[in-house]
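# An overview of the molecular structure
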2 protein chains.
Amino acid sequence: MASLDRSLIAGLSVFEGIAVADLDRIVGQARSIRIARGQSVFEQEQEARSFFLLLDGHVRVVKSTPAGHEVTVRYIGPGELMGIAGALGRTTYPANALAAADCVVLAWPSHLWPTFATSFPSLSANTYRMVGSRLQDAHTRVIEMSTEQVEQRVANALLKLVKQSGKKIEEGILIDFPISRQDIAEMTGTTLHTVSRLLSAWEDQGLVKSGRQRVVVVEPHRLVVVAEARGSKS
Amino acid sequence: MASLDRSLIAGLSVFEGIAVADLDRIVGQARSIRIARGQSVFEQEQEARSFFLLLDGHVRVVKSTPAGHEVTVRYIGPGELMGIAGALGRTTYPANALAAADCVVLAWPSHLWPTFATSFPSLSANTYRMVGSRLQDAHTRVIEMSTEQVEQRVANALLKLVKQSGKKIEEGILIDFPISRQDIAEMTGTTLHTVSRLLSAWEDQGLVKSGRQRVVVVEPHRLVVVAEARGSKS
DNA sequence: GATGGAACTTGCGTTGGATCAAACAGGCGC
DNA sequence: GCGCCTGTTTGATCCAACGCAAGTTCCATC
């Protein structure tokens, strides 16, 4: 571990409340890995030998169904943990993790988790807080799928991506990694055709600009309006 | 706590690997509560003062959207924990919990959790294993909503309920608590009309028998076939 | 045993999106 | 610079499921 890594890492929310000396002990046991775009970090059903912290890049977590469908469960951004199957009593990974862009990750052997959890209560608390918020997210997804139309779901997905990985550029806010219509479709439970039509329509209205594997949200506020529309019925 | 409670409780998977003496210390700090059918155990956004273990009955966990829709997140059966917001770093409950039948629960003050977690590592491990499997379930729900048709989703929901709370009777397997078409619709993201139509069709085919707030699955195997049909495309 | 309300059934018209199909870029290797 | 592959656009058609509406059955209560 280069020492400049450490200063970056200390600010991450996973390590909030952890003493600097402890942080060294934790990070010292990780190895740092580079993963090229398109490569997988870990794979569904594989034995969960390691857990990971994403330092740089973006990872797409995908589940495959027996019938051959692929559903994107979530995107992981810098500073987030992934592959923590061990902390949840699983021995295999529940999904595939694919690098959506070139990535740098820290990897720890899974067997270290129990020790970490008892030695560093803050780490444990922070991790389970994150798990809790993922559970929340998943439930929110279920609710969106149950109650919203495709248009709202796609708008919400874009807004979520913007919030998580938006980068301000002159035209608006760019989603800072390559993302295709197909990817968005897999996040929202629709088809690339419908996503394409929606993006085209929004482009005509000046809400977004998009091209090949690239989406820029020009007017987030108006997109929020789209995301909230119609859902009212009660 | 009556002593016969303790023998029942010792067998629950949450308490697996916990010494009898410890179990007494844990259960000794709980109070036991009866909740009548239709009453709520806890409510969305309420401050999470307690966490609960369901001893008897069934609880329906429901989320309400701002737009006034209700989505059933899951059914809790005997032996399961609920309201463990505290263990996941939340201060409020994320959903409403309604007694689907008369219930008996144990309740602990939330502030005991951190102590429990450090004093009884097995309890902590068991709890987070359960959280992990709920996260899994939620992701499975998302995938079902994305890739399956209403018919498969309803079939799967019934099979899940049968597995969780099925009671063998002469006609087949009864779902052992009152459940309406509306409830099933809220679990599967559809309308009571569609659920009613499906159940009627299945009844004609001899797969199920159903009536007012009551569903009996007569031929689980054939329902499995329905649940798996069509999804094949790839 | 009459009354009222909740749960359920069923028919019909409508429609949001999926599916099918075909053509059109943009980037990369040679 | 040319072709190829992958990602994207756009049109046409179809159908599963929703929304609406009317009617029925069951249960609780007085």
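Residues numbered from 1 in each chain as written. Chains lettered and ligands numbered in written order. Predicted model: local features only at pLDDT ≥ 70, side-chain atom pairs only at ≥ 80, totals over all residues. Heavy atoms only, no water.

This next bit is on the overall build of chain A. Helix and strand content of chain A: eight helices and 12 strands. For 234 residues, the compact-globule estimate of 2.2 N^0.38 gives 17 Å, and chain A sits close to it at 19 Å. By residue count, 52% of the 234 residues in chain A fall in the buried class. Counting contacts in chain A only where the partners sit at least 6 residues apart, residues at least 24 apart contribute 72% of the total. Accessible surface computed for chain A: about 11000 Å², of which carbon and sulfur atoms make up 50%. Charge centroids of chain A, computed over 26 positive and 24 negative side chains, lie 2 Å from each other. (Helix = DSSP H or I, 4+ residues; strand = E, 2+ residues; numbered from the N terminus. Rg over C-alpha atoms; globule rule 2.2 N^0.38 Å. Buried < 20%, exposed > 50% of the residue type's maximum accessible area, 1.4 Å probe, protein only. Contact = heavy atoms within 4.5 Å. Areas by Shrake-Rupley, 256 points an atom, 1.4 Å probe, with all protein chains shown as cover. Lys, Arg positive; Asp, Glu negative; His and termini not counted. Charge placed at Lys NZ, Arg CZ, Asp CG, Glu CD.)

Next up on the list: the relation of the copies chain A and chain B. Mapping chain A onto chain B calls for a rotation angle of 180 degrees and an axial translation of 0.0 Å; the resulting RMSD is 0.0 Å. These values place the two chain copies in the arrangement generated by a two-fold rotation axis. (Least-squares fit on C-alpha atoms with pLDDT ≥ 70 in both.)

Below, the discussion takes up the interface of chain A and chain B. By a frequent convention, interface size equals the accessible area lost on bringing the separate parts together. Between chain A and chain B, the contact holds 32 residues from the first and 32 residues from the second. Taken together, chain A and chain B are joined by zero salt bridges. Our count for the contact surface shared by chain A and chain B stands at zero residue pairs in polar contact (both at pLDDT 80 or more). Elements with a minimum of two residues in the side of chain A that touches chain B: strand E5 (70–76) and helix H4 (121–147) of chain A. Among the elements that take part in the side of chain A that touches chain B, H4 of chain A stands out by supplying 15 residues, more than any other. A class-by-class count of the residues in the side of chain A that touches chain B yields 13 nonpolar, 13 polar and six charged. (Salt bridge = Lys/Arg side-chain N within 4 Å of Asp/Glu carboxyl O. Polar contact = N/O pair within 3.5 Å; in protein donor to acceptor, adjacent residues only side chain to side chain. Nonpolar A, V, L, I, M, F, W, Y, C, P; charged D, E, K, R; others polar.)

It is worth spelling out the protein's contact with DNA strand D at this point. The immediate surroundings of DNA strand D are formed by 19 residues, with Ser-196 and Arg-212 of chain A together with Val-150, Thr-190 and Thr-194 of chain B found nearest. Within the side chain of Ser-200 of chain A, a nitrogen or oxygen atom sits 3.1 Å from a phosphate oxygen of DNA strand D. The element that contributes the greatest number of residues to the surface near DNA strand D is helix H7 (residues 192–204) of chain A, accounting for five residues. In the surface near DNA strand D, the residues fall into two nonpolar, 12 polar and five charged. (Near = heavy atom within 4 Å.)

Residues and elements named next belong to chain B. Relative to strand E10 (residues 172–175), strand E9 (residues 166–169) runs antiparallel, the two being bridged by four bridges. Considered in E10, the bridge of Ile-169 is made with Gly-172. Count of turn residues in the E9/E10 antiparallel hairpin: two residues. (Pairing = 2+ DSSP bridges.)

The immediate surroundings of DNA strand C are formed by 18 residues, with Thr-190 and Thr-194 of chain A together with Ser-196, Arg-212 and Gln-213 of chain B found nearest. The contact atoms of DNA strand C, taken as those within 4 Å of the protein, divide so that sugar and phosphate hold 60%. Between DNA strand C and the protein, one listed contact pairs a phosphate oxygen with a side-chain N or O atom of Ser-200 of chain B at 3.2 Å. At 2.8 Å from a phosphate oxygen of DNA strand C is found a main-chain nitrogen or oxygen belonging to Gln-213 of chain B. Counting only elements with at least two residues in the surface near DNA strand C, the list comes to H7 of chain A together with helix H7 (192–204) of chain B. With four residues, H7 of chain B is the single largest residue contributor to the surface near DNA strand C. A per-class count over the surface near DNA strand C returns one nonpolar, 12 polar and five charged.

Attention now goes to the pattern of salt bridges. All names here are of chain A. Evaluation of the coordinates by the stated rule reveals 16 salt bridges over all chains. The salt bridge partner of Asp-183 is Arg-60, with a shortest N-O separation of 3.4 Å. Linking Asp-183 in helix H6 (residues 181–188) with Arg-60 in strand E4 (residues 59–64), this pair joins segments that are 123 residues apart in sequence. The same class applies to Asp-183 as to Arg-60, namely buried.

Okay, the packing of aromatic side chains next. Residue and element names in this part refer to chain B. Following the criterion strictly, the structure yields 17 aromatic pairs over all chains and no others. Taking the centre distance of 4.2 Å and the plane angle of 25 degrees together, the rings of Phe-42 and Tyr-93 count as stacked. On the criterion of sequence distance, the pair formed by Phe-42 in strand E2 (residues 40–42) and Tyr-93 in the loop between strand E6 (81–82) and strand E7 (96–99) is long-range, its members being 51 residues apart. Among the residues examined, Tyr-93 registers a relative accessible area of 2% and is labelled buried. Each ring, one from Phe-51 and one from Trp-108, has its centre 5.4 Å from the other, and the planes form 15 degrees; the classification is stacked. Placement of the pair is Phe-51 in strand E3 (residues 50–56) and Trp-108 in strand E8 (residues 103–109), with a sequence separation of 57 residues. (Phe/Tyr/Trp six-rings, centres within 6.5 Å; stacked < 30°, edge-to-face > 60°.)

Reading across the sheet, the four strands line up as E2-E7-E4-E5 (chain A) and stay open at both edges, with antiparallel pairing between neighbours. On the outer flanks of this sheet lie strand E2 (40–42) and E5 of chain A, each paired with one strand and no other. Strand after strand, the sheet turns through a mean of 30 degrees between neighbouring axes, direction not considered. In this fold helix H4 (residues 121–147) of chain B packs onto E4 and E5 of chain A, with an angle of close to 130 degrees to the strand it touches most, E5 of chain A. (Axes fitted to C-alpha atoms, helices over the stretch in contact; angles between N-to-C directions.)

This brings us to the domain arrangement of chain A. Residues and elements named next belong to chain A. Taken domain by domain, chain A consists of domain 1 (3–145) and domain 2 (149–228). Each of domain 1 and domain 2 was reduced to a C-alpha centroid, and the two centroids are 26 Å apart. Taken together, the contacts link 15 residues of domain 1 with 16 residues of domain 2. Interface of domain 1 and domain 2: buried area, both sides summed, is about 1300 Å²; carbon and sulfur atoms make up 49% of it. Of all residues in domain 1, His-58, Tyr-75 and Glu-144 give up the largest surface area on contact with domain 2, accounting jointly for 44% of the area buried on that side. Where domain 1 packs against domain 2, one counts two salt bridges. (Domains from an automatic or database assignment. Buried area = accessible area lost by both parts, 1.4 Å probe.)

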